[in-house]
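# Geometric and topological summary
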Amino acid sequence: MDAENQTERRQFLRALAVALGAPIVFRRQLTGFPYALAQEAVNRGNIPRTKQLLTLLSDVPFNAETPAHLLDDDVTPNHLHFVRNNGHFPDRALLNQLGNWRLTLDGEVNRPRTWTLNELQNEFEVLETQLVIECAGNGRAGYYPQVSGNQWTLGAVGCARYRGIRLADVLNTSGVLNSAVYLAWHGEDPHLSRDPERHPISRGVPIAKALDRHTLLVWEMNGVPLPPSHGFPLRLVCPGWPGSTSGKWLRRLWVRDRVHNGAKMTGSSYRVPRNPVAPGQKVAEEDMEIIDVMPVKSLITFPQTGTTVPEGELLELRGKAWSGTGPVARVDLSIDFGASWLKTQLLPPPNPYAWQKWNASVPLPSAGYYEVWARATDARGRAQPLIVPGWNPKGYLNNAMHRIVVRSG
Ligand SMILES: Nc1nc2c(c(=O)[nH]1)N[C@H]1C(S)=C(S)[C@@H](COP(=O)(O)O)O[C@H]1N2
Ligand SMILES: [Mo]
């Protein structure tokens, strides 16, 4: 496109943006607003068109995970980021009214307020960081006896680059009262029943996590406005905690004087038994506690399981490792069912709560069948278990090692 055409196009888009009441921000934002809606047109199988490489677990609500070998990018592209919805996608018409969209903060604050997206973008310091979001139910398929819910295997995790502001800055300008205990959120997504009185999910975090400088309100994902699947126009990211705390399609933040009791905060949702239980055991509600920090975990993202390498060639391996407790200290591999372990090269994260890349070149002693196991260890010395850890009624927190098959010959 030549310069003149480009100017014309910009003028046209600027006019369009004004007409739609969208903020006029050029750079990558330019393609953002009408595009954000168009890009997720749904195909006949009810899968947003951008998500067709994912493995569909459920269409309504839409839930899809990423095959491990498609998580090889340093930063997970939007089309490869898993989606976890508890309700319907928000109404397209609602999403379209960005000009009318407001975020309200109320509850235990001195100055309750509502903001437009533009105001949030202009009133607070803007930052960009790469953050892991992992569903607490990732790995649920590994539990036996089987538990109900989406049977996530490995891929309910991603690490995208987000642009936004600190939730702490928003809370601090509003004057959080001493009575504040919990930060609760409400999103725009309709309940599966379509009953407007009900929310499919309304969770939150203790006020200390809300005030943590890494907890963000974000409007951009990998350089474009948040796609509708991921919470357009604004979502929370509470890194290191269950993905379910990272509210999408935000409408309201409510500072509460008690632990929030919204949808999916109570019962066995996102809770695990306080004390270990036998597989299949019934657990009373009062014996369950809310999941907070996510455990150490890793993936082998290259090669894809089932690969054959020519005999005598080094096996090149790559992957990712992350933990809610801080940086991962090491990733080790075994090609002999745990009899011996090889250290991998593990890079530091580009910023806190981003996942870390690891790689290794491993000689295979002969032709034949191998399983490769990867085991990450966090800075406190806690390693991934080989087998599925403590069974729990909803199948959360399975951080068992990822294992792939490789043949030589
Ligand atoms: N409003 C809203 N926010 C939500 C959800 C939802 O269903 N509605 N799902 C939560 C859950 S359980 C997870 S794991 C993450 C998934 O984020 P993603 O779909 O962007 O990958 O969003 C969280 N935020
Ligand atoms: Mo989740």
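The structure we're discussing is the one just above.
Let me begin by describing the structure that accompanies this report. (Residues numbered from 1 in each chain as written. Chains lettered and ligands numbered in written order. Predicted model: local features only at pLDDT ≥ 70, side-chain atom pairs only at ≥ 80, totals over all residues. Heavy atoms only, no water.)

## Notes on the overall build of the protein chain
- Helix and strand counts for the protein chain come out as six helices and 24 strands.
- Counting across all 409 residues of the protein chain, residues that qualify as buried make up 50%.
- The long-range fraction of contacts in the protein chain, counting pairs at least 24 apart against all pairs at least 6 apart in sequence, stands at 70%. (Helix = DSSP H or I, 4+ residues; strand = E, 2+ residues; numbered from the N terminus. Buried < 20%, exposed > 50% of the residue type's maximum accessible area, 1.4 Å probe, protein only. Contact = heavy atoms within 4.5 Å.)

## What to know about the site of ligand 1
- As a structural note, the neighbourhood of ligand 1 is formed by 19 residues, with Asn-86, Asp-189, His-230, Arg-235 and Lys-248 the closest of them.
- The separation between an oxygen atom of ligand 1 and a polar side-chain atom of His-230 is 2.7 Å.
- At a separation of 3.0 Å, a nitrogen atom of ligand 1 approaches a polar backbone atom of Ser-246.
- Relative to its unbound accessible surface of 530 Å², ligand 1 loses 100% to contact with the protein.
- Split into classes, the residues belonging to the shell around ligand 1 amount to seven nonpolar, eight polar and four charged. (Near = heavy atom within 4 Å. Polar contact = N/O pair within 3.5 Å; in protein donor to acceptor, adjacent residues only side chain to side chain. Areas by Shrake-Rupley, 256 points an atom, 1.4 Å probe, with all protein chains shown as cover. Nonpolar A, V, L, I, M, F, W, Y, C, P; charged D, E, K, R; others polar.)

## Details of the layout of surface pockets
- In this structure, the largest pocket occupies an estimated 660 Å³ of space.
- Residue lining of the largest pocket: 29 residues in total, with Val-272, Pro-295, Arg-382, Pro-389 and Leu-397 positioned closest to the centre.
- Among the elements of the structure, strand 14 (271–273) and strand 15 (288–290) are those that each provide at least two residues to the lining of the largest pocket.
- Classifying every residue of the lining of the largest pocket gives 17 nonpolar, six polar and six charged.
- If you add up the space inside the second largest pocket, you get close to 270 Å³. (1 Å grid on protein atoms, 1.4 Å probe; cavity = no way out; pocket = protein on both sides within 12 Å on 5 of 7 lines; lining within 4 Å. Points joined across faces, edges and corners; volume = space filled by probe spheres on them.)

## Considering the sheet that holds strand 22 (residues 356–363)
- The sheet built from four strands is open, its strands ordered 16-18-22-21 with antiparallel pairing. Every other strand in the sheet has two partners, leaving strand 16 (297–302) and strand 21 (345–346) as the edge strands with one partner each. (Pairing = 2+ DSSP bridges.)

## Quick word on the nonpolar core
- Judged by nonpolar contacts, the single largest core of 50 residues is most densely connected at Leu-120, Leu-183, Leu-217, Leu-234 and Leu-253.
- With five residues, strand 10 (residues 216–221) is the single largest residue contributor to this core.
- Among all residues touching Leu-253, those that are not within four sequence positions of it are Leu-103, Thr-104, Leu-105, Asp-106, Leu-167, Leu-183, Ala-184, Trp-185 and Leu-217.
- Membership of the second largest hydrophobic core comes to 21 residues, among which are Ile-300, Val-309, Val-372 and Val-406. (Core = buried A, V, L, I, M, F, W, Y, C linked by side-chain atoms within 4.5 Å.)

## A closer look at the sheet that holds strand 9 (residues 204–206)
- Read from one edge to the other, the open sheet built from five strands follows the order 5-4-13-8-9, with strand pairing classed as mixed. Either end of the sheet is taken by a strand with one partner, and the two such strands are strand 5 (113–115) and strand 9. The mean inter-strand angle of the sheet, taken between neighbouring strand axes irrespective of direction, is 15°.
- Relative to strand 13 (residues 250–256), strand 8 (residues 182–187) runs antiparallel, the two being bridged by six bridges. Within strand 13, the residue paired with Trp-185 across the bridge is Leu-253. (Axes fitted to C-alpha atoms, helices over the stretch in contact; angles between N-to-C directions.)

## Comments concerning the environment of His-69
- Mapped onto the secondary structure, His-69 falls in the loop between strand 2 (63–65) and strand 3 (83–84).
- The spatial distance from the C-alpha of His-69 to the C-alpha of Ile-300 is 7.3 Å, given a sequence separation of 231 residues.
- In this structure His-69 touches Thr-301 and Gln-304, once residues within four positions along its chain are discounted.

## Brief notes about the pattern of salt bridges
- According to the stated counting rule, one finds 16 salt bridges in the structure shown.
- Here Glu-128 makes a salt bridge to Arg-163, at a shortest N to O gap of 3.1 Å. Here Glu-128, found in strand 6 (residues 126–134), pairs with Arg-163, found in strand 7 (residues 157–166); they are 35 residues apart in sequence, far enough to count as distant.
- When its relative accessible area of 26% is taken as the criterion, Glu-128 is described as partly exposed.
- The shortest N-O distance in the salt bridge between Arg-375 and Asp-332 comes to 3.9 Å. With Arg-375 in strand 23 (residues 368–378) and Asp-332 in strand 19 (residues 328–334), this residue pair connects regions lying 43 residues apart in the sequence.
- For Asp-332, a relative accessible area of 2% gives the class buried. (Salt bridge = Lys/Arg side-chain N within 4 Å of Asp/Glu carboxyl O.)

## Focus: helix 5 (residues 167–174)
- For helix 5, the complete set of buried residues consists of Leu-167, Ala-168, Val-170, Leu-171 and Ser-174. Buried residues of helix 5 fall within an arc of 160° about the axis and therefore sit on the same side.
- One or two steps after helix 5, the chain reaches Gly-175, where phi turns positive at roughly 70°. (Arc of directions from axis to C-beta.)

All quantities given are derived from atomic positions and should not be read as evidence of function.
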